[in-house]
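Each chain, letter by letter, is given below.
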Amino acid sequence: MTFSGWPAETVTWFKGLEADNSKPYFTAHRRVYDEAVRGPLEALLAEIEAEFGEGKIFRPYRDVRFSADKSPYKTEAAAAVGPKQGGVYYVGVSADGIVAGAGYHGMQRDQLDRYRQAAAGTSGSALQKVVEAGERAGLELYGDALKTAPRGYPVDHPRIRLLRLKDVILMRREAPGAVMHTPEALDWVTAAWRTSGPLVDWLNRHVGASGMAARR
């Protein structure tokens, strides 16, 4: 299957799921999910694989074991390239459009320690340049952040914005429209991944995988 974008039917399907997040709805509209949601995502990953590696599409089912929200299905279909505890390239599609980017999500304590030490030290200037270059190219810096400086770091540190982060991700978003519904979405995702690639390189070099057990 050649990637040609996500059809308008994709957005309609997600809006229906948001209105009726139930197994009967998902089952009744499974064909649309397979052909208009998952199918294009698989085709995109196949075309990008030679440059970035094999991607994995996330299951559409939510893990509701520890959540007060028992809605069974995710309202975004997404895929990632990369290890669980390392630099991950991400793409997602929903009723709101498409997102793409890369970085580290859900860093463990040992990763956070290494990240902050590097970001505060001489290596941090390179990180700041990478982030600023991504922002100039139209990406945004995302990640959960502390409300104040992490313990042991001054609140007036010149890179305090970066030090407060618990996730470090450069991401771009595009509402449904000309890009999402055409083959140009492939170039849009590829450009986002290439632009955020230097962030992944910096994080892999200075942070790396965690030696701790994964958080539940």
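All values reported here derive from a predicted model rather than from experimental measurement.

Peer 1: I'm lost on the packing of aromatic side chains in this one. Help?
Peer 2: Aromatic ring pairs are reported here in terms of the distance separating the ring centres and the angle at which the planes meet. This structure, assessed with the given rule, holds 14 aromatic pairs. Aromatic side chains Phe 26 and Tyr 33 sit 5.2 Å apart centroid to centroid with 50° between the ring planes, which places their arrangement in the tilted category. In this pair, the class of Phe 26 matches that of Tyr 33, namely buried. Arranged with centres 6.2 Å apart and planes meeting at 85°, the rings of Tyr 115 and Trp 202 form a pair that is edge-to-face.

Peer 1: It is not clear to me how helix 3 (residues 30-52) should be interpreted in this structure. Could you clarify?
Peer 2: At Arg 38, helix 3 shows its maximal kink, close to 40°; a proline, Pro 40, follows between one and four residues later. Those residues of helix 3 that sit buried are Val 32, Tyr 33, Ala 36, Val 37, Gly 39, Pro 40, Leu 41, Ala 43, Leu 44, Leu 45, Ile 48 and Phe 52. Gly 53 occupies a position one or two residues after helix 3 and carries a positive phi of about 105°.

Peer 1: I'm lost on the sheet that holds strand 1 (residues 56-57) in this one. Help?
Peer 2: Paired through backbone hydrogen bonds, the strands of a sheet run either parallel or antiparallel to each other. Pairing is antiparallel across the open sheet formed by 6 strands, whose spatial order is 1-2-3-4-6-5. Either end of the sheet is taken by a strand with one partner, and the two such strands are strand 1 and strand 5 (140-142). Helix 7 (residues 184-206) contacts strand 2 (76-81), strand 3 (88-94), strand 4 (97-104) and strand 6 (168-174) of the sheet and is inclined by roughly 15° relative to strand 4.

Peer 1: Looking at this structure, how should I read the pairing of strand 4?
Peer 2: Remark: a regular strand shows side chains that alternate across the two faces of the sheet. With 8 of its 8 residues buried, strand 4 lies for the most part within the structure. Relative to strand 4, strand 3 is paired through 7 bridges, and the arrangement is antiparallel. Bridge pairing in strand 4 places Tyr 90 opposite Gly 101.

Peer 1: When you look at helix 7 in this model, what are you seeing that I'm missing?
Peer 2: Since the α-helix advances by 3.6 residues per turn, residues separated by three or four positions end up pointing in the same direction. For helix 7, spanning 23 residues, the distance from its first C-alpha to its last is 34 Å, which sits close to the expected 33 Å at 1.5 Å a residue. The largest bend in helix 7 amounts to roughly 40° and is located at Ser 196, with the proline Pro 198 lying one to four residues further along. Gly 208, located one to two residues past helix 7, shows a positive phi value of around 75°.

Peer 1: Is there a simple way to think about the environment of Tyr 90 in this case?
Peer 2: For Tyr 90, the position within the fold is in strand 3. Since its relative accessible area comes to 22%, Tyr 90 is described here as partly exposed. Through-space distance from the C-alpha of Tyr 90 to that of Asp 187 is 14 Å; in sequence the pair is 97 residues apart. Those residues in contact with Tyr 90 that lie beyond four places of it in its chain are Phe 58, Glu 76, Ala 78, Ala 79, Ala 80, Val 99, Ala 100, Gly 101, Met 171 and Trp 193. A polar contact of 2.4 Å, which involves the side chain of Tyr 90, links it to the side chain of Glu 76.

Definitions and cut-offs
- Residue numbers restart at each chain and count upward from 1, following the sequence in its written direction.
- Given that this is a predicted model, residues contribute local features only at a pLDDT of at least 70 and side-chain atom pairs are listed and counted only at 80 or more, while totals for whole chains, interfaces and linings are drawn from all residues.
- Here the side-chain values reflect all heavy atoms present in the structure, with hydrogen atoms and water set aside.
- For Phe, Tyr and Trp, where Trp contributes only its six-membered ring, two rings pair if their centres lie within 6.5 Å, and the inter-plane angle classes them as stacked under 30 degrees, edge-to-face over 60, or tilted in between.
- Accessibility here uses a 1.4 Å probe with only protein chains present; expressed as a share of the type maximum, an area under 20% marks a residue as buried, one over 50% as exposed, and anything in between as partly exposed.
- Bend, in this description, refers to the angle at a residue between axes fitted to the seven residues ending there and the seven starting there.
- Secondary structure follows DSSP: runs of H or I at least 4 residues long count as helices, runs of E at least 2 residues long count as strands, and numbering of each begins at the N terminus.
- In this scheme, strands are said to pair when DSSP sees at least two bridges between them.
- Throughout, a contact is declared for two residues whenever any of their heavy atoms are within 4.5 Å.
- Note on geometry: axes are C-alpha line fits, over the in-contact stretch for helices, and angles between N-to-C directions span 0 to 180 degrees.
- Multiplying 1.5 Å by the residue count of a helix minus one yields the expected span of that helix.
- Two N or O atoms count as a polar contact when they lie within 3.5 Å, although within protein this holds only if one can serve as hydrogen donor and the other as acceptor, and sequence-adjacent residues are included solely when both atoms are side-chain atoms.

As far as function goes, none of this settles anything; it's purely spatial.
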